[in-house]
Amino acid sequence: MAKILFVVMNDPTNLADSIKAAHVLHYAVELKEKGNDVYVYFDGLGTKIPITESPYKGLKPAYEKAMKEGLILGACGYCASPPHLNIRDKLPNTIKLIGDEDHHYALTDLVEKGYQIVVS
């Protein structure tokens, strides 16, 4: 089976981006249901998905389903930190922050384990 990491960089305040992000989350759930090894990582503006009310009402249920299925690897600690988006303290403690305000996660460990990276 495939090993896939979806990197979601979509802005949840933008309707088109929210629809894209929701579809990525749906794909991740479906792929896992078929036996694939799948994770979702929030990066850039995508780190705001867990805390932002989206104009697309399908994003929140898609996010909640992916969380329930254990698909959320985490969010970028660099992007969430005060010098950048400054949302680190607003994210739920169920979201693991990877990296910090000085170090951006490079995904190399997952690439070395054979994961294919899909960026949205």
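Whatever comes next refers back to the structure up there.
Every value quoted in this text rests on a predicted model; they were computed, and no experiment measured them.

Another point: helix H1 (residues 15-33). Since one α-helical turn is 3.6 residues long, residues separated by three or four positions face the same way. Between the first and last C-alpha of H1 there are 27 Å, a value that for 19 residues agrees with the 27 Å anticipated at 1.5 Å per step. Every buried residue belonging to H1 is among Ser18, Ala21, Ala22, Val24, Leu25, Ala28 and Val29, and all of these are buried. Viewed end-on, H1 has its buried residues packed into an arc of 155 degrees, placing them on one side of the element. Buried positions along H1 lie against strand S1 (3-8), strand S2 (37-42), helix H2 (59-68) and strand S3 (72-76).

Within the fold, Asp11 resides in the loop between S1 and H1. For the buried Asp11, no salt bridge is present, and the opposite-charge side chain at shortest range is Lys48, 4.4 Å distant. Within the structure, Asp11 has its side chain in polar contact with the side chain of Thr13 (distance 2.7 Å). Once residues lying within four places of it in the same chain are set aside, the contact partners of Asp11 are Asp17, Ser18, Leu45 and Lys48.

Looking now at the packing of aromatic side chains. All chains considered together, the criterion is met by 3 aromatic pairs. Measuring from ring centre to ring centre gives 5.9 Å for Tyr39 and Tyr115, while their planes differ by 40 degrees; the resulting arrangement is tilted. Residue Tyr39 is located in strand S2, and its partner Tyr115 is located in the loop between helix H4 (108-112) and strand S5 (116-119); the two are separated by 76 residues in the primary sequence. Take Tyr39: its relative accessible area is 27%, and that puts it in the partly exposed class. By relative accessible area, Tyr115 is classed as buried at 9%. Taken together, a centroid distance of 6.1 Å and an interplanar angle of 50 degrees make the contact between Phe42 and Tyr63 tilted. Of this pair, Phe42 sits in strand S2 while Tyr63 sits in helix H2, and the two are 21 residues apart along the sequence. Overall, Phe42 belongs to the buried group, its relative accessible area being 0%.

Definitions and cut-offs
- Residues numbered from 1 in each chain as written.
- Predicted model: local features only at pLDDT ≥ 70, side-chain atom pairs only at ≥ 80, totals over all residues.
- Heavy atoms only, no water.
- Helix = DSSP H or I, 4+ residues; strand = E, 2+ residues; numbered from the N terminus.
- Expected span 1.5 Å × (residues − 1).
- Buried < 20%, exposed > 50% of the residue type's maximum accessible area, 1.4 Å probe, protein only.
- Arc of directions from axis to C-beta.
- Contact = heavy atoms within 4.5 Å.
- Lys, Arg positive; Asp, Glu negative; His and termini not counted.
- Salt bridge = Lys/Arg side-chain N within 4 Å of Asp/Glu carboxyl O.
- Polar contact = N/O pair within 3.5 Å; in protein donor to acceptor, adjacent residues only side chain to side chain.
- Phe/Tyr/Trp six-rings, centres within 6.5 Å; stacked < 30°, edge-to-face > 60°.

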